[in-house]
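Below are the chains, spelled out letter by letter.
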Amino acid sequence: MKTNVLSIKTVLIIALSMALVTSCSSEDGEDGATGPQGAQGPAGPAGPQGDQGAQGEQGEPGSANVMYSDWVDTELGNSIVASSASFDIEAPEIGPDMLNFGTILVYGRRIELPGDGNIVYPLPIVFGAARQQSYFFVATSDNIRITVHANEEGESVGDGSYLEQYRYVLIPGGVSTSGKLASDMDLSKMSYEEVIELFSIPE
């Protein structure tokens, strides 16, 4: 009789256990509240670097790098007894690259009476008939020297203030405009008006 009692007890225990497992099944019960998020783990090692893409084509140089001065009043007098006279204009934009690869243009301006308009001449230029004068410039680092010289040997310059103002235009090597490199264009044969229009230089 003891054996049967033990067997019945064992059967009951097994049945109760199965009932408990069944009652806890995810199919019948509701999900519990989400627990707090755990701490973030350490970052993993960086992956291998991808292949470098091909370098793009270099853009066409623009005319934005063109430099120019304001009009500078002459320091040449109107009664020069020497055969030549000079004065300097500071040009801090002029360095070795500009001297070796750029284009340097200098212009002199005569201020006419109101209504007649101003006349601009590119340097070098020669004025006069019986008594000629040459106006020219020499560019060095940070400087442009304007010189007037009497062409007749032994003559003095006289009035060297015929050109009353000067300005310079500096075009670095590689600058292009209208689809052409400035270095391939003979800018010295262009008028002042053509040059400032070509490079959008304000008057």
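Quick look at the structure, then. (Residues numbered from 1 in each chain as written. Predicted model: local features only at pLDDT ≥ 70, side-chain atom pairs only at ≥ 80, totals over all residues. Heavy atoms only, no water.)

1. Examining the overall build of the protein chain
For step 1, the next point in the chain: Looking only at helices and strands, one finds three helices and 11 strands in the protein chain.
For step 2, the next point in the chain: A buried classification covers 28% of the 203 residues belonging to the protein chain.
For step 3, the next point in the chain: Expressed as a percentage of contacts within the protein chain between residues at least 6 apart in sequence, the contacts between residues at least 24 apart total 69%.
For step 4, the next point in the chain: For the protein chain, the computed accessible surface area is about 14,200 Å², with 52% contributed by carbon and sulfur atoms. (Helix = DSSP H or I, 4+ residues; strand = E, 2+ residues; numbered from the N terminus. Buried < 20%, exposed > 50% of the residue type's maximum accessible area, 1.4 Å probe, protein only. Contact = heavy atoms within 4.5 Å. Areas by Shrake-Rupley, 256 points an atom, 1.4 Å probe, with all protein chains shown as cover.)

2. Some words on the packing of aromatic side chains
For step 1, the next point in the chain: Overall, the coordinates contain six aromatic pairs when judged by the stated rule.
For step 2, the next point in the chain: Residues Trp71 and Tyr192 carry aromatic rings whose centres are separated by 5.7 Å and whose planes lie at 55° to one another, so their mutual orientation is tilted. You can see Trp71 sitting in the loop between strand 1 (67-68) and strand 2 (72-73) and its partner Tyr192 sitting in helix 3 (residues 192-198), a full 121 residues away along the chain. Tyr192 matches Trp71 in its accessibility class, with the two residues each being buried.
For step 3, the next point in the chain: Measuring from ring centre to ring centre gives 5.0 Å for Tyr121 and Phe127, while their planes differ by 85°; the resulting arrangement is edge-to-face.
For step 4, the next point in the chain: The buried category is assigned to Tyr121, whose relative accessible area is 17%.
For step 5, the next point in the chain: An aromatic cluster of at least three residues, connected via ring pairs, comprises Tyr121, Phe127, Tyr135 and Tyr162. (Phe/Tyr/Trp six-rings, centres within 6.5 Å; stacked < 30°, edge-to-face > 60°.)

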